[in-house]
Amino acid sequence: MSYNTLSYNLTANKGTDFILFVRYLDSNDIGVTLSNAGYTAAMQVRRHSSSTSTILDFNSNVFGQSGVTAGNTGGSGGIKLDVGVTGSGSSGGGIYIEANANTMSNVPAGRHFFELDLLKGTSTLRLLEGRFEVTGDIRR
């Protein structure tokens, strides 16, 4: 199976819920079952590609508390696999990524970079990459 990594720029707001939904489809536009096939997912946001520390670190092994961290601060959210656009129900290939408002309040405003990968054994499939722009909050 061949694939192309999709470059996509995201914008998030500091201090508000962040939600991203994507679907991983096969060549016939059918959602690929991920969780039952042994896939996990990870997404990291960093200041730049050579940065050694993460700004946001999502994983699909745990959803809710500890499914995402903002720097050194724990957070609430993570990645759900094979779900629908609302993060519930069933949808083959559905990848639901979430960080709650409190977690996003710990993310610095500015231009960062992200990568979303599917992992299976020792294989890594990069699905998305691009800029992750965080706008500051005005209301205090």
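Starting from 1, residues in each chain are numbered consecutively following that chain's sequence as written. Predicted model: local features are reported for residues with pLDDT of at least 70 only, side-chain atom pairs are reported and counted for 80 or more only, and whole-chain, interface and lining totals are derived from all residues. Computation of side-chain values: all heavy atoms of the structure, hydrogens and water removed.

Q: Just give me the short version of the pattern of salt bridges, but keep the residues and values in it.
A: Close approach of charged atoms allows side chains of opposite charge to pair. The rule for a salt bridge is simple: a side-chain nitrogen of Lys or Arg has to be within 4 Å of a carboxyl oxygen of Asp or Glu. Going through the model one piece at a time under the given rule, you end up with four salt bridges. The partner of Glu133 in a salt bridge is Arg111, with the nearest N and O atoms 3.2 Å apart. Here Glu133 is found in strand S10 (residues 123-135), whereas its partner Arg111 is found in strand S9 (residues 110-120), with 22 residues between them in sequence. A salt bridge links Asp117 to Arg126; its shortest N-O distance comes to 3.7 Å. Counted as one network, the salt bridges with shared partners bring together Glu115, Asp117, Arg126 and Glu129. Helix and strand labels come from DSSP, where a helix needs a run of H or I of at least four residues and a strand needs a run of E of at least two; each type is numbered from the N terminus.

Q: Which residues make up the side chain of Ser60, and what values go with them?
A: As for its placement among the helices and strands, Ser60 is situated in the loop between strand S5 (56-59) and strand S6 (64-70). By relative accessible area, Ser60 is classed as buried at 18%. Of the polar contacts made by the side chain of Ser60, one reaches the backbone nitrogen of Ala41; its length is 2.8 Å. The contact partners of Ser60, leaving out residues within four places of it in the chain, are Thr40, Ala41, Ile79 and Leu81. Per-residue accessibility, obtained with a 1.4 Å probe over protein chains only, is compared with the maximum for each type, and a residue is labelled buried under 20%, exposed over 50%, and partly exposed between these values. The definition of a polar contact used here is a pair of N or O atoms within 3.5 Å, where within protein one atom must be able to donate a hydrogen and the other to accept one, and adjacent residues in sequence count solely through side-chain atom pairs. Only heavy atoms enter the contact rule, under which two residues are in contact if any of them lie within 4.5 Å.

Q: Explain the environment of Asn102 to me, using residue names and the numbers behind them.
A: Mapping Asn102 onto the fold places it in helix H1 (residues 101-104). Residue classification places Asn102 among the exposed residues on the basis of a relative accessible area of 57%. A C-alpha to C-alpha distance of 7.4 Å links Asn102 and Thr16, two positions 86 residues apart in sequence.

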